[in-house]
Amino acid sequence: MNKETSNKIDWVFASTGGGDETGFNDPATTIFRGNIPYFIAREPLQNIIDAGITFPVKASFDQISVNVLDIPKIEQLEKVCRACKKFYSEDIRRNEDCVMFFDSIIKKIIGKKKINLLKISDENTSGMSPKDYNNFMRAVGSSSKETQKGGSFGLGKGAYFAASNFKTIFLSSIFNENNNHLFAGKARLVSFRENDEIMQGNGTFGIDKQEPVIDVKLIPEFFKRSKPGTDVFIVDFDQGDNWYKEIIKSVLVNFWLRILEGKLEVSVHGTNITADNLEALIYEYFQNESVKNNKHEQNPIPYYEAYTNEKSLVFPGELSTIGKVTLHVLIKEGYPKHISYIRNTGMVIQKKFHPSSIQYAGVFICDNSDAVPILRGMENPQHDDWSAEHAKDGQPTQLAKKVEREMKQFIREKLNSLVTSEDKVRFSIKGTEDYLTIPFNEEDNTEEKYSSESEDVVGEKESAERVGSEKVADLNSHSNDPYRFKPLVHTRKPNPKPNPRPKPKPDPKPRPDPKPPKDDKSLKEVKDFKARSFAIVNENGDCEHIAILRSEPNKKILRIVVGAGSEDSLVALPIKYAMNKNTGEKYSVKGDAIEKVTMDKEGACQLIIKFADNEKYSLNITAYTNENN
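All values derive from a computational prediction rather than experimental measurement.

1. Describing the overall build of the protein chain
1) Next: The secondary structure content of the protein chain amounts to 14 helices and 30 strands.
2) Next: Of all 629 residues assigned to the protein chain, the portion counted as buried reaches 53%.
3) Next: Within the protein chain, contacts between residues at least 6 apart in sequence are counted, and of these 74% link residues at least 24 apart.
4) Next: As displayed, the protein chain has an accessible area near 29300 Å², and 46% of this comes from carbon and sulfur atoms.

2. A word on the pattern of salt bridges
1) Next: Scanning the model with the defined rule gives 17 salt bridges in all.
2) Next: Among the salt bridges present, the one from lysine 249 reaches glutamate 289, with a minimum N-O distance of 2.9 Å. On the criterion of sequence distance, the pair formed by lysine 249 in helix H8 (residues 243–260) and glutamate 289 in the loop between helix H9 (278–286) and helix H10 (301–308) is long-range, its members being 40 residues apart.
3) Next: Between glutamate 305 and lysine 332 there is a salt bridge whose closest N-O contact spans 3.3 Å. With glutamate 305 in helix H10 and lysine 332 in the loop between strand S13 (323–331) and strand S14 (338–342), this pair connects stretches of sequence that are 27 residues apart.
4) Next: In this structure lysine 332 comes out as partly exposed when scored by relative accessible area, which is 36%.
5) Next: A cluster of three or more residues bridged by salt bridges with shared partners is formed by Glu21, Glu90, Arg93 and Arg193.

3. Some thoughts on the environment of glutamate 75
1) Next: Checked against the element boundaries, glutamate 75 lands in helix H4 (residues 74–87).
2) Next: Of the residues examined, glutamate 75 reaches a relative accessible area of 43% and is grouped as partly exposed.
3) Next: Expressed as a C-alpha distance, the spacing of glutamate 75 and isoleucine 109, which sit 34 residues apart in the sequence, is 8.2 Å.

4. Some thoughts on a positive patch on the surface
1) Next: Together, Lys401, Lys402, Arg405 and Lys601 line one region of the surface with positive charge.
2) Next: With respect to the secondary-structure elements, lysine 402 resides in helix H12 (residues 398–416).

5. A word on the packing of helix H3 (residues 36–50) against H8
1) Next: Put simply, H3 and H8 touch, their axes get as near as 8 Å, and they point 45° apart. Here H3 is positioned oblique relative to H8, judged by the angle of their axes. Viewed along their axes, H3 and H8 form a crossing whose handedness is right-handed. Only Trp243, Glu246, Ile247, Ser250, Val251, Asn254, Phe255 and Arg258 of H8 make contact with H3, whose side of the interface consists of Pro37, Tyr38, Ile40, Ala41, Arg42, Leu45, Gln46 and Ile49.
2) Next: Across the contact of H3 with H8, the residue classes break down as 10 nonpolar, 3 polar and 3 charged.

6. Observations concerning H4
For an α-helix the count is 3.6 residues per turn, leaving residues at separations of three or four pointing the same way.
1) Next: In this model H4 runs 20 Å from its N-terminal to its C-terminal C-alpha over 14 residues, within 8% of the 20 Å that 1.5 Å per residue would give.
2) Next: Every buried residue of H4 is accounted for by Ile74, Leu77, Glu78, Val80, Cys81, Ala83, Cys84 and Phe87.
3) Next: On the buried face of H4, the contacting elements are strand S1 (10–12), helix H5 (96–110), strand S4 (168–175), strand S6 (192–194) and strand S7 (197–199).

7. Considerations on the packing of H8 against H9
Relative placement of two packed helices is described by the angle separating their axes and the distance separating the axes.
1) Next: The interhelical angle for the contact between H8 and H9, taken along N-to-C directions, is 140°, at an axis separation of 10 Å. It follows that H8 is oblique to H9 by the angle criterion. Judged by the twist between their axes, the crossing of H8 over H9 is left-handed. Contacts from Lys245, Ile248, Lys249, Leu252, Val253, Trp256, Ile259 and Leu260 in H8 reach Leu278, Leu281, Ile282, Tyr285 and Phe286 in H9.
2) Next: By residue class, the composition of the contact of H8 with H9 is 11 nonpolar, no polar and 2 charged.

8. With respect to unusual backbone geometry
1) Next: Cis geometry marks the peptide bond from phenylalanine 55 to proline 56, where omega comes out at 0°.
2) Next: As for its placement among the helices and strands, proline 56 is situated in the loop between H3 and strand S2 (57–67).
3) Next: Despite not being glycine, histidine 269 has its phi angle at roughly 55°, a positive value.
4) Next: In this fold, histidine 269 is placed in the loop between strand S10 (264–268) and strand S11 (271–273).
5) Next: The class of histidine 269 is partly exposed, set by a relative accessible area of 44%.

9. Concerning the packing of aromatic side chains
1) Next: Counted by the stated rule, this structure contains 24 aromatic pairs.
2) Next: Judged by centre distance (5.2 Å) and plane angle (85°), the rings of tyrosine 38 and phenylalanine 39 are edge-to-face. Assigned by exposure class, tyrosine 38 and phenylalanine 39 land together as buried.
3) Next: Between phenylalanine 237 and tryptophan 243, the aromatic rings sit 6.1 Å apart at their centres with planes inclined by 85°, giving edge-to-face as the arrangement. Of the two residues examined, phenylalanine 237 and tryptophan 243, each falls in the buried class.

Thresholds applied
- Residues numbered from 1 in each chain as written.
- Predicted model: local features only at pLDDT ≥ 70, side-chain atom pairs only at ≥ 80, totals over all residues.
- Heavy atoms only, no water.
- Helix = DSSP H or I, 4+ residues; strand = E, 2+ residues; numbered from the N terminus.
- Buried < 20%, exposed > 50% of the residue type's maximum accessible area, 1.4 Å probe, protein only.
- Contact = heavy atoms within 4.5 Å.
- Areas by Shrake-Rupley, 256 points an atom, 1.4 Å probe, with all protein chains shown as cover.
- Salt bridge = Lys/Arg side-chain N within 4 Å of Asp/Glu carboxyl O.
- Patch = residues over 30% accessible without salt bridge, like charges linked within 9 Å, V, L, I, M, F, W, Y side chains within 5 Å.
- Lys, Arg positive; Asp, Glu negative; His and termini not counted.
- Charge placed at Lys NZ, Arg CZ, Asp CG, Glu CD.
- Axes fitted to C-alpha atoms, helices over the stretch in contact; angles between N-to-C directions.
- Parallel < 35°, antiparallel > 145°, perpendicular 65-115°, else oblique.
- Left-handed = near helix turned anticlockwise from the far one by under 90°.
- Nonpolar A, V, L, I, M, F, W, Y, C, P; charged D, E, K, R; others polar.
- Expected span 1.5 Å × (residues − 1).
- Phe/Tyr/Trp six-rings, centres within 6.5 Å; stacked < 30°, edge-to-face > 60°.

As structure tokens, then:
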């Protein structure tokens, strides 16, 4: 940095003026913890797509090794870090994690360590104007994007700081037709004391009053751009030797559609991802991975094939709330029964489980610009979930609820149309057919919260067996819709019958046909009662059963008897606990019975049931009440 630059640019922090102190757990960054490479691809690429002016928009991710002393005015930043460490060493606000964090930065600086900068660059974009800069670098929870753009909360910028072990970034941009320059640095630290005054933790590397540098002569040579667009430098990016592979995977998982359309090209550590090699890269990185869905490790192959395969079915539609939509569905054995949801940015927002008797993968697309404000309002800050519960005023709006209902109904109707009633795959669980076979149109959202592997516990991994072979219906007879592809009818052989499951260790008395409890002659079986269940393994490794009950609204059920299925009979097993999944209310249990359960105003109730032996079972659930209920 030359002398002129050195004298005019410095780190600037403002006083709190007696206001709030900045703490260590910054909510703008903590929401992105857990998988930094995943988010550091999602958030910047969404911003880059939003700033695109010509196609394809181009982005690159490169790691640069530098000596820490090459960071501009690093000695001033070191002084601030020492003050931050001291401030949070005081008894009144002591935070050991905070002290260790700043101690690590100080050691790297005084030890003249080599650190990595992650440089994220874009081309064919509008660059970052002063207005964009203000919202990106200075405002918290603010987004200036137009209604058709991807961001909504203004919190995505936190991903850049979460990826920095210094919580510090630099930004350099050329914007508008006059090729104006803009440069600044930003640190999101913690409050500290300076000259007996408490300072804010968020400071800027720029000119007085935390303004960005717009005089190109003052921009350090290392950070100068030569053409329109923006560079972001993340200071001390350390995600291991395979960082680029994880970023590539995130790009393929989240932006395959935009790349396929030729609207986005991404370079990561020298690997170019374009429409020409997209498919090859998807199979290179994911062909040996499970198609089951984890939060941030999702195999895109089923959804890519659902969109591109010639046997895929295409269902155009128009919803009253969000306008024109399209659903692509590919029926294929082993596919996860999930739908990938995408809106106008081309980024995958979420993947949701939709139950069906067929195995499939699907892609739901709403590219209608008028719908963007509605869908943006239903997204969480990480942009990976659509729900009415994410309404910004804290309450689900009637419009958001209607959007959810319409999307679910549209998808359900199209999935139901794929299989005729005589061709549906049925699961026969001995002794429980009348209890577990609930019409598809009565399904609710419960299983969407679990992976399809949870659903398989009852489906294939335990005592279920397929009845007959699976026959995929010939759709030629169902519709003359010109948008649909017509797949061939094919028949798959049934899976081999699983090895018999060993009988439970306890030796309870078989109860092939549950009877009213002997201790209360007034109880009678509830006739308008249906139940289904599936087993999951919770975060503690315990096996729990989710039981979904349906009866009349506000129905009071005095006793629920739960029979556990074996290969040839039902047995009475002691229940360890039972609780309401939605309210957390714990119910009294006696042996294999649950006492006093009340349906909600919709006539539904969801239970979490755990058996004492921590095993998985097919369940037969019977409800009893008295004659007055």
